[in-house]
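# Notes for the structure review
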Amino acid sequence: MILFPAIDLKNGQCVRLEQGDMARATVFNLDPAAQAQSFAEQGFEYLHVVDLDGAFAGKPVNAGAVEAMLKTIKIPVQLGGGIRDLATVEAWLDKGITRVIIGTAAVRNPELVKSAAKKFPGRVAVGLDARDGKVAVEGWAETSQVTVLEIAKRFEDAGVTAIIFTDIARDGLLKGLNLEATIALADAISIPVIASGGLASIEDVKAMLTPCAKKLAGAIAGRALYDGRLDSAAALTLIRDARRS
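Now for a description of the structure that goes with this document. The structure displayed is predicted, hence computed values, not measured ones. (Residues numbered from 1 in each chain as written. Predicted model: local features only at pLDDT ≥ 70, side-chain atom pairs only at ≥ 80, totals over all residues. Heavy atoms only, no water.)

## Focus on the packing of aromatic side chains
The tally for this structure, following the rule as stated, stands at 4 aromatic pairs. Seen from their ring centres, F39 and F44 are 5.7 Å apart, and the 85 degrees between their planes marks the pair as edge-to-face. By relative accessible area, which is 2% here, F39 ends up buried. By the ring-pair criterion, three or more aromatic residues cluster together here, those being F28, F39, F44 and Y226. (Phe/Tyr/Trp six-rings, centres within 6.5 Å; stacked < 30°, edge-to-face > 60°. Buried < 20%, exposed > 50% of the residue type's maximum accessible area, 1.4 Å probe, protein only.)

Here it is as structure tokens:
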């Protein structure tokens, strides 16, 4: 299990949203590269980054901030937000992003995911963000009529490296992960699933390490890390101990 610290970018700053609402943004750091460095120094092994403005614009917006992070840290980075064509996928991978996350385009243009995953094996993930079980797109501004499972099944044999499943109703609210829905998704598909949205405390990390959650590949932590509700050292120690046993 990997615990991914999250950096969400809006106007070049590191923010957290509540339920994906751009009007409910809290700025946590004016310098995303410094925040990335802090996470690396805390011992995290993989960083999760979202270009929020890019998700709405349909193209990268906070590229400068992302590039500054890549220059600052050595740990791998997965990036989502505004990645809607193969040229953008290729450009980010060339710049040093380890794994791109395709969200809206996975719903609107599944062939993009399939061609990208084929061209760049192990480097393409799909971000599925659900509101009441239905996938939301365009930076969560629109809700589609398809379920998370329906979309995920489309990519079963495509070579997608992970599905990042976010419960929008919990995102940024510190209500705890929706493990029931996340585990159900992981049990229904062969692609590794990463839990996102609502991680609140060390109890969520413990729950991720129980036998019933063993199929989950990781979880994303945001606000709980920024406001001190989740002790990174304690969480990472738990995960390391679980791996050893």
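## Notes on the pairing of strand β11 (residues 193-196)
The side-chain alternation of β11 yields two buried faces, one formed by V193 and A195 and the other by I194 and S196. When strand β10 (residues 162-167) meets β11, the two strands line up parallel, connected through 4 bridges. Following the sheet pairing, I163 is matched in β11 by V193. On the question of chirality, the crossover connecting β10 to the parallel β11 by way of helix α8 (residues 179-188) is right-handed. Bridge count between β11 and strand β12 (residues 216-221): 3 bridges; the pairing is parallel. Bridged to V193 within β12 is L216. (Helix = DSSP H or I, 4+ residues; strand = E, 2+ residues; numbered from the N terminus. Pairing = 2+ DSSP bridges. Right-handed = clockwise from strand over helix to strand, strands pointing away.)

## Here we look at the layout of surface pockets
Estimated volume of the largest pocket: approximately 160 Å³. Forming the walls of the largest pocket are M1, M208, L209, T210, P211, A213, K214, L216, A217, A242 and R243. Looking at the lining of the largest pocket, the elements that each hand over two or more residues are β12 and α11 (232-244). (1 Å grid on protein atoms, 1.4 Å probe; cavity = no way out; pocket = protein on both sides within 12 Å on 5 of 7 lines; lining within 4 Å. Points joined across faces, edges and corners; volume = space filled by probe spheres on them.)

## Looking at the pattern of salt bridges
Two side chains with opposite charge may pair up if their charged atoms get near one another. Overall, the coordinates contain 10 salt bridges when judged by the stated rule. Measuring nitrogen to oxygen at the nearest pair gives 3.5 Å for the salt bridge that ties R170 to D167. Of the residues examined, R170 reaches a relative accessible area of 25% and is grouped as partly exposed. Among the residues examined, D167 registers a relative accessible area of 10% and is labelled buried. (Salt bridge = Lys/Arg side-chain N within 4 Å of Asp/Glu carboxyl O.)

## Things to note about the pairing of β10
Counting buried positions along β10 gives 6 out of 6 residues, so the element sits mostly inside the fold. Covered by surrounding structure in β10 are A162, I164 and T166 together with I163, F165 and D167, the residues of both alternating faces. Relative to β10, strand β7 (residues 124-131) is paired through 6 bridges, and the arrangement is parallel. Bridging across to β10, D129 finds its partner in T166.

## Some points on unusual backbone geometry
Glycine aside, the phi torsion of most residues is negative, and most peptide linkages are trans. Of note in this structure, N11 is not a glycine but carries a positive phi near 55 degrees. Along the chain, N11 turns up in the loop between β1 (2-10) and β2 (13-18).

## Some words on the environment of S190
The topology assignment puts S190 in the loop between α8 and β11. For the pair S190 and D129, spaced 61 residues apart in sequence, the C-alpha separation works out to 19 Å. Of note is the side chain of S190, whose polar atom sits 2.7 Å from the side chain of E156. (Polar contact = N/O pair within 3.5 Å; in protein donor to acceptor, adjacent residues only side chain to side chain.)

## Considerations on the environment of P32
In this structure, P32 sits in helix α1 (residues 32-42). The exposure class of P32 is buried, given its relative accessible area of 5%. Along the primary structure P32 and K119 are separated by 87 residues, whereas in three dimensions their C-alpha atoms are 30 Å apart. Excluding its chain neighbours within four sequence positions, the residues that come into contact with P32 are I7, L9, G12, Q13, C14, A65 and M69. (Contact = heavy atoms within 4.5 Å.)

## Topic: the side chain of D129
Within the secondary structure, D129 sits in strand β7. Notably, D129 is buried but unbridged: the nearest opposite-charge side chain belongs to R131, and the N-O separation is 9.1 Å. Looking at D129, its side chain comes within polar contact range of the side chain of T166, at 3.2 Å. (Lys, Arg positive; Asp, Glu negative; His and termini not counted.)

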